[in-house]
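# Architecture and fold: a report
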Amino acid sequence: MRAITITEYGDTDVLKSAGVPVPVPGTGQVRVAVKAAGVNPIDWKIRTGAMAEVLPVEFPHILGLEFAGVVDAVGEGAGFAVGDEVFGWPDTGTYAEYALASAVARKPAGLSWAEAAALPVAGETALRVLGELEVKPGETLVLHGASGQVGRVATQAAVALGATVIGLAGASSLDEVKALGAVPVEYGDGWVSRVRSVAPDGVDAVFDAAGFGVLSDSVELLGSTDRLITIADPAAYAQGLKFSAGGEQTPAVLEDLVSRGLKLKLGSAYALADVAEAHRESATGHASGKITLTF
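Residues numbered from 1 in each chain as written. Predicted model: local features only at pLDDT ≥ 70, side-chain atom pairs only at ≥ 80, totals over all residues. Heavy atoms only, no water.

## Topic: the UniProt feature "domain: Enoyl reductase (ER)" (unreviewed entry) in the chain
Let me state the cut-off plainly: UniProt positions are given in the numbering used here, feature names are shortened, and annotations may be inferred rather than shown by experiment. Strands here are runs of E lasting at least two residues and helices are runs of H or I lasting at least four, both read from the DSSP assignment and numbered beginning at the N terminus.
Per the UniProt entry, the sites bearing "domain: Enoyl reductase (ER)" (unreviewed entry) are residues 10-293 in this numbering. This span, residues 10-293, is 31% helix and 25% strand, and a straight line between its end C-alpha atoms measures 20 Å.

Given below as structure tokens:
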């Protein structure tokens, strides 16, 4: 099969198309013919070696942490049949024509391949952090990066819970943030004053999904460090703040995401051969929506 592999850390030129053996599903696994794969910032951070200390990989390595596709072969006890349409997290990289997986759920007919492939990573992250922050109905949550993929899911989920979300985003995205149910506030210099003007009674929690150096000001706004979590700013470690990474990747989580009707905004769709361009766009931090690879 064709796959995109890396044999060393580096720039986009280390992404190479290669012929590799088609994987064979083991007990509890399915082999999936990939129809779409999500492209996430963690992908290019792994590629560059930026995550080598906390998430090392063995070379050659196939990137890709989420997918949607059609079951092509079934291992013993997997609970699916050839031809089933599924999505989820892989056991092998998804920048490939086929991938093995055990944490999968049936793809709803109402979701496109790209929409389904885009949901697992951002969806699980958003729900995990809201749970870690213990966001409750009636509380006020400040969300940095509300127009990003994790931010969009977190906004929808928190609003549905009954919380007030103050969503920080760029000027061009404020209308979208408002449409998600949040109180939109422009990020950048003076953001703390702007948040205080719309939340004069204070805020209860802060979720940083952007990583734009907002942690110190967020502590000042919140008045403590107890309910502040980032998924994007490693400066948290030096500041004694919580950095949330990793979570529960199970079929139940996927089914929960689907049941909530959570949606992402799709952005560019690239062919597998154009994965380098997909990484370059993702690395700008200004993608118009979720980037996917389509097959």
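## As for the pattern of salt bridges
Quick note on the threshold: Salt bridges are defined by distance alone: a side-chain nitrogen of Lys or Arg within 4 Å of a carboxyl oxygen of Asp or Glu. Relative accessibility under 20% of the residue-type maximum defines a buried residue, over 50% an exposed one, and the middle range a partly exposed one, all with a 1.4 Å probe and only protein chains included.
All chains considered together, the criterion is met by 13 salt bridges. Between Glu220 and Arg196 there is a salt bridge, with its nearest N and O atoms 3.8 Å apart. One end of the pair, Glu220, is in helix 6 (residues 215-222); the other, Arg196, is in helix 5 (residues 191-198), with 24 residues separating them in the sequence. Exposure remark for Glu220: the relative accessible area of 46% places this residue in the partly exposed category. Residue Arg196 is classed as partly exposed on the basis of its relative accessible area of 38%. Here Asp256 and Arg260 are joined by a salt bridge, their closest N and O atoms 3.0 Å apart. On the basis of relative accessible area, Arg260 is assigned to the partly exposed category, the value being 44%.

## Things to note about helix 9 (residues 275-284)
Keep this limit in mind: The contact rule is simple, with two residues in contact once any of their heavy atoms fall within 4.5 Å.
Those residues of helix 9 that fall on the buried side of the exposure criterion are Val275, Ala276, Ala278, His279, Glu281 and Ser282. Taken together, the buried residues of helix 9 touch strand 1 (2-6), strand 3 (30-39), helix 1 (41-48), strand 15 (266-271) and strand 16 (290-294). Looking at the residues trailing helix 9, positive phi occurs at Gly285, about 75°.

## Concerning the environment of Glu8
Among the secondary structure elements, Glu8 is positioned in the loop between strand 1 and strand 2 (16-19). Glu8 gets classed as partly exposed once you look at its relative accessible area, which sits at 46%. Setting aside anything within four residues of it in sequence, one finds Glu8 in contact with Val14, Arg47 and Phe59.

## What about the sheet that holds strand 4 (residues 61-62)?
Put simply, the test is: Pairs of strands are assigned from DSSP output, requiring at least two bridges between the strands.
Strand order in the open sheet made by the three strands is 2-1-4, with antiparallel pairing throughout. In the strand order of this sheet, the two ends are held by strand 2 and strand 4, each with one partner. Pairing between strand 1 and strand 2: four bridges, direction antiparallel. By the bridge assignment for strand 2, Arg2 is matched with Gly19.

## Thoughts on the packing of aromatic side chains
We apply this condition: Ring pairs shown here join Phe, Tyr and Trp side chains whose ring centres sit within 6.5 Å, with only the six-membered ring taken for Trp; geometry is labelled stacked below 30 degrees between planes, edge-to-face above 60, and tilted in between. Criterion for a charge above a ring: Lys NZ or Arg CZ within 6 Å of the ring centre, and within 35 degrees of the ring normal.
Taken as a whole, this structure holds three aromatic pairs when the rule is applied. Pairing Tyr237 with Phe243 gives two aromatic rings, centres 5.3 Å apart and planes at 20°, and the pair type is stacked. We classify Phe243 as partly exposed; its relative accessible area is 22%. Here Arg31 stacks its cationic end above the ring of Tyr98, 5.8 Å away from the centre of that ring.

## What about the sheet that holds strand 9 (residues 140-144)?
Strands belonging to one sheet form pairs held by backbone hydrogen bonds; the direction of such a pair is parallel or antiparallel. Definition in use: Every axis corresponds to a line fitted to the C-alpha atoms, with the helix fit spanning only the stretch in contact, and the corresponding angles, defined between N-to-C directions, vary from 0 to 180 degrees.
Strand order across the open sheet formed by six strands is 11-10-9-12-13-14, with parallel pairing between neighbours. The outermost strands of the open sheet, each flanked by one partner alone, are strand 11 (183-186) and strand 14 (242-243). Where strand 10 (residues 164-169) lies against strand 11, four bridges are found, and the strand directions are parallel. Bridge pairing links Ile166 to Val183 in strand 11. Along the sheet, helix 2 (residues 113-133) contacts strand 9, strand 12 (205-208), strand 13 (228-230) and strand 14; its crossing angle with strand 12, the most-contacted strand, is approximately 155°. Most of the contacts of helix 3 (residues 149-161) go to strand 9, to which it runs at about 170°, and overall it touches strand 9, strand 10 and strand 12.

## Some words on the nonpolar core
Cut-off, in case you're wondering: Remark: nonpolar core denotes a set of buried residues (Ala, Val, Leu, Ile, Met, Phe, Trp, Tyr, Cys) joined through side-chain atoms within 4.5 Å.
Formed by 43 residues in total, the largest nonpolar core has its most connected members in Phe87, Leu130, Leu133, Leu141, Leu143, Val150 and Phe207. Here the element with the most residues in this core is helix 2; it accounts for 11 residues. Counting 33 residues, the second largest nonpolar core, distinct from the first, contains Ala37, Ile62, Phe80 and Val86.

## Things to note about the packing of helix 1 against helix 9
We count it as follows: Working rule for angles: under 35 degrees goes down as roughly parallel, over 145 as roughly antiparallel, 65 to 115 as roughly perpendicular, anything else as oblique. For this classification, Asp, Glu, Lys and Arg are treated as charged, while Ala, Val, Leu, Ile, Met, Phe, Trp, Tyr, Cys and Pro are nonpolar and the rest, including Gly, are polar.
Where helix 1 meets helix 9, the axes come as close as 9 Å, and the angle between the chain directions of the two elements is 105°. With respect to their mutual orientation, helix 1 and helix 9 come out roughly perpendicular. Of the residues in helix 9, those in contact with Pro41, Asp43, Trp44 and Arg47 of helix 1 are His279, Ser282 and Ala283. For the contact of helix 1 with helix 9, a count of residues per class yields three nonpolar, two polar and two charged.

## Structural notes on the side chain of Arg128
Rules: Polar contacts, as used here, are pairs of N or O atoms within 3.5 Å; protein pairs need one atom able to donate a hydrogen and one able to accept it. Residues neighboring in sequence count only if both atoms are side-chain atoms.
Checked against the element boundaries, Arg128 lands in helix 2. Side chain to side chain, Arg128 and Glu124 meet in a polar contact 2.8 Å long. Engagement of the side chain of Arg128 in a polar contact is seen with the backbone oxygen of Gly246, the distance being 2.8 Å. Each residue touching Arg128, except ones within four places of it in the same chain, is listed here: Ser244, Ala245, Gly246 and Gly247.

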